[in-house]
Each structure stands twice: as C-alpha cells, then as structure tokens.
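Survey of secondary and tertiary structure
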Amino acid sequence: MQIARLLRHILSDQIARVRAINQRYAVPRLAMSPAVRWALLALRIYLMLLVALLGYKFVTLVVH
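Computed from a prediction, not measured in an experiment: that's the story for all the values here.

Basis of the calculations
The residue numbers shown here count from 1 along each chain, following its written sequence. Since the coordinates come from a predicted model, pLDDT governs what is reported: local features require at least 70, and pairs of side-chain atoms require 80 or more to be given and counted, while whole-chain, interface and lining totals use all residues. In computing side-chain properties, one takes all heavy atoms of the structure into account and sets aside hydrogens as well as water. Under the scheme used here, helices are H or I runs from DSSP no shorter than 4 residues and strands are E runs no shorter than 2 residues, and both carry numbers assigned from the N terminus. The globule rule used for comparison is 2.2 Å times the number of residues to the exponent 0.38, while the radius of gyration itself is calculated over C-alpha atoms. Per-residue accessibility takes into account occlusion by the displayed protein chains alone, with areas from the Shrake-Rupley method and a 1.4 Å probe. Given a helix with a known number of residues, its expected span is that number minus one, times 1.5 Å. Remark: exposure states derive from per-residue accessible area (1.4 Å probe, protein chains only) relative to the maximum for the residue type, with buried under 20%, exposed over 50%, and partly exposed in between. What counts as a salt bridge is simple: a side-chain nitrogen of Lys or Arg found within 4 Å of a carboxyl oxygen of Asp or Glu.

Moving on: the overall build of the protein. A count of helical and extended segments in the protein gives two helices and zero strands. Taking 11 Å as the expected radius of gyration for a compact globule of 64 residues, we find that the protein reaches 20 Å, considerably beyond that expectation. Overall, the protein is about 50 × 50 × 5 Å in size when its C-alpha atoms are taken along their principal axes. As displayed, the protein has an accessible area near 6600 Å², and 71% of this comes from carbon and sulfur atoms.

Glancing now at helix α2 (residues 34-63). The periodicity of an α-helix, 3.6 residues per turn, causes residues three or four places apart in sequence to face the same way. Between its first and last C-alpha atoms α2 spans 43 Å; for 30 residues at 1.5 Å apiece the expected length is 44 Å, and the two agree. Here α2 lies mainly on the outside; zero of its 30 residues are buried.

Applying the stated criterion to the full structure yields one salt bridge. Residue R17 is joined to D13 by a salt bridge in which the shortest nitrogen-to-oxygen separation is 3.7 Å. Of this pair, R17 and D13 are both found in helix α1 (residues 2-24), four residues apart, which corresponds to roughly one turn of the helix. Residue classification places D13 among the partly exposed residues on the basis of a relative accessible area of 32%.

Have a look at this one:
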C-alpha cells in the first residue's frame, strides 16, 4: 500500500504543477496579428492531418 500511496502522491504533485503552469500562461502576454493567428491555425490543422495519416498508416500495417 505504501507504493500505491507514493505513486498517487507523485501523480497528484505532477498534475498540480501542470495546472499551475496552465494557469500562469492562460492569458497570452503578446498580441497576435490576424496573420499569425491564421498561420497558427494552418499549422495546427497540418499537424492534425499528419497525426491522422500516421494513425491510418499504423492501422493499415497492423491489419495486413
């Protein structure tokens, strides 16, 4: 039981750290131009398409 308690404490500590970082950076300090917003949106869509393609390739390799 000590190991489970230790793991739970470590996990909760890490979650608290992530939440603190997210809270600190929730409001951006720099103003973004519309062009930058569109570029970041395009990059996000491109990365999602790459992940989807990678997932598709993985599934097709596993099936065959």
